[in-house]
Amino acid sequence: MVDQESTTCGRLLKLTLFAYSKGIFSSRQISALAEENLPTRWLTHSSFPSYRTVCRFRVSDEAEDLISKCMSSIVNVLRKNKHIDDITFIDGTKILANANKYSFVWRKNIIRFDKLNREAIIKLLHDMNDVKYLGKLPDNSDISTSELDEIIIHLENCLADLNYQIKQNKKVSPNPNKQKRRKLKSIKRKLRFRKDKQIEYQETNKIFANLNSYSKTDHDATFMRIKEDPMLNGQLKPAYNLQIATSGQFITNFDIYQNPTDTRTLTPFLNKQIENNSLGKYIVADAGYGSES
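This one's a predicted model, so the numbers in the text were calculated from it and none came from an experiment. (Residues numbered from 1 in each chain as written. Predicted model: local features only at pLDDT ≥ 70, side-chain atom pairs only at ≥ 80, totals over all residues. Heavy atoms only, no water.)

K.L.:
What is the right way to look at the packing of helix α1 (residues 8-21) against helix α5 (residues 61-80) in this model?
P.N.:
Packed helices, taken two at a time, are described by the angle between their axes plus the distance between the axes. It is at 10 Å that the axes of α1 and α5 come closest, and there the two elements cross at 80°. Our classification of the angle between α1 and α5 gives roughly perpendicular. Two secondary-structure elements touch here, α1 through Cys-9, Gly-10 and Leu-13 and α5 through Glu-62, Leu-66, Ile-67 and Cys-70. Taken together, the residues that form the contact of α1 with α5 break down as 5 nonpolar, 1 polar and 1 charged. (Axes fitted to C-alpha atoms, helices over the stretch in contact; angles between N-to-C directions. Helix = DSSP H or I, 4+ residues; strand = E, 2+ residues; numbered from the N terminus. Parallel < 35°, antiparallel > 145°, perpendicular 65-115°, else oblique. Contact = heavy atoms within 4.5 Å. Nonpolar A, V, L, I, M, F, W, Y, C, P; charged D, E, K, R; others polar.)

K.L.:
Just checking my understanding: could you explain the side chain of Lys-195 for this structure?
P.N.:
Turning to its location among the elements, Lys-195 is positioned in helix α8 (residues 176-208). On the accessibility criterion, Lys-195 (17% relative accessible area) is buried. With residues near it in sequence (within four places) discarded, Lys-195 still touches Thr-145, Leu-148, Asp-149 and Ile-152. (Buried < 20%, exposed > 50% of the residue type's maximum accessible area, 1.4 Å probe, protein only.)

K.L.:
What is the right way to look at the pattern of salt bridges in this model?
P.N.:
Pairing of side chains with opposite charge becomes possible as their charged atoms draw close. Under the criterion given, the structure shown has 6 salt bridges. The shortest N-O distance in the salt bridge between Arg-118 and Asp-114 comes to 3.5 Å. Taken together, the positions of Arg-118 and Asp-114, both in helix α6 (residues 107-130) and 4 residues apart, correspond to about one turn of that helix. One exposure class covers both Arg-118 and Asp-114, and it is buried. Across the pair Lys-272 and Asp-255 runs a salt bridge, and its minimum N-O distance is 3.7 Å. Taken as a pair, Lys-272 in helix α9 (residues 263-276) and Asp-255 in strand β6 (residues 250-257) lie far apart in primary sequence, 17 residues in all. Relative accessible area serves as the criterion here: at 24%, Lys-272 is assigned to the partly exposed category. Overall, the relative accessible area of 21% leaves Asp-255 in the partly exposed class. (Salt bridge = Lys/Arg side-chain N within 4 Å of Asp/Glu carboxyl O.)

K.L.:
Please explain the packing of aromatic side chains as it appears in this structure.
P.N.:
The geometry of an aromatic ring pair is captured by two quantities: the separation of the ring centres and the angle between the planes. Within the structure shown, the criterion is met by 5 aromatic pairs. Where Trp-106 meets Phe-223, the ring centres are 5.8 Å apart and the plane angle is 45°; that geometry is what we call tilted. Within this pair, whereas Trp-106 is found in strand β2 (residues 104-106), its partner Phe-223 is found in strand β4 (residues 222-225), the two being separated by 117 residues in sequence. By relative accessible area, Trp-106 is classed as partly exposed at 26%. Between Arg-28 and the ring centre of Tyr-51, over which it is positioned, the NZ or CZ distance is 3.9 Å. The ring of Phe-254 is capped by Lys-272, whose NZ or CZ atom sits 5.4 Å from the centre of that ring. (Phe/Tyr/Trp six-rings, centres within 6.5 Å; stacked < 30°, edge-to-face > 60°. Lys NZ or Arg CZ within 6 Å of the ring centre and 35° of its normal.)

So yeah, pure geometry; function would need other evidence.
Listed below in C-alpha cells is the structure:
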C-alpha cells in the first residue's frame, strides 16, 4: 500500500502496530518480540531492531509522516472502491495517559506561588538592609536570578569579612559580629532556597506553553474529566482528547489534542482532513462541537 514498506521505517511501523495489537507497548518487549515471534520475523524481513531503535522511531517525525501517508492511501483505496461516501462523521473520546493521576501541576497555582516567592525575596532583602549590608533595594519584585547571584556573592564577601574580624577579636564576648554572621548566614541560606524556587517556577512556565495544567510524569497530558468515573466525584485525570473521523464505518482520519473540550478541536481537525484529502462534503457531529466559531 505504501512505497516505504520495504524500508526500515516501514518495517518498524509494521512491527510496532503488530505489537500494539498484542497488547505490548514496552520498547524492550517489542524488540524481544521481533526476535522470538515468527509472524513478526516475517513482517520485519528477519531484522531485529534494538529497543533504542524502536523507542526513537515511535517518537520520531518519520513515524508520524508514515502514519499520515498510510491513512491517505487507505482513504484513496476506500474511495476508489466506493466503500466510503461524502459524509464524514466526527466524534471524540478521552483516553487516559500513562501518567500518575496525582502528579498534577496547575498554571494558576504556579503563578501564585511565584508571586509569593518574589515577595519573600523582597522581605529578605529588607532584612539585609536592616543590618546595613545592602545599600539599595529594587523598586519592584521583578528580580532576575543573575541579580540574586550577585546578592549572594555580596553576602559571601560580607561573611568572609566578618569571619576575619571574629578571628582578630577572639577574646571579645559577647561578640556582635557573631550575631551579624548568624543572621547573614540565615539570609544567604533562605535566598539560595528562594532562587532555586524561582528557577523551578521559570522552568515550569516553559512547560505550560498554552496549557493550563500538565502531569509531572507526562508533560503533554492535561487534566480533564473522563467518562469512566467510579467514585462519581468528577475527579480530573491526565488524559488526551482523541478525535476520530469515519465514513461508511471506516476510520478515515484521527488526531490527538490536549484540549478537554471538543469545540476547540473541530477547526484544526477539519483543517488536517482537508490537507490529507479525507474530508467529505457533509460533516456530521454532535452538539458538543457547537460554538460561535
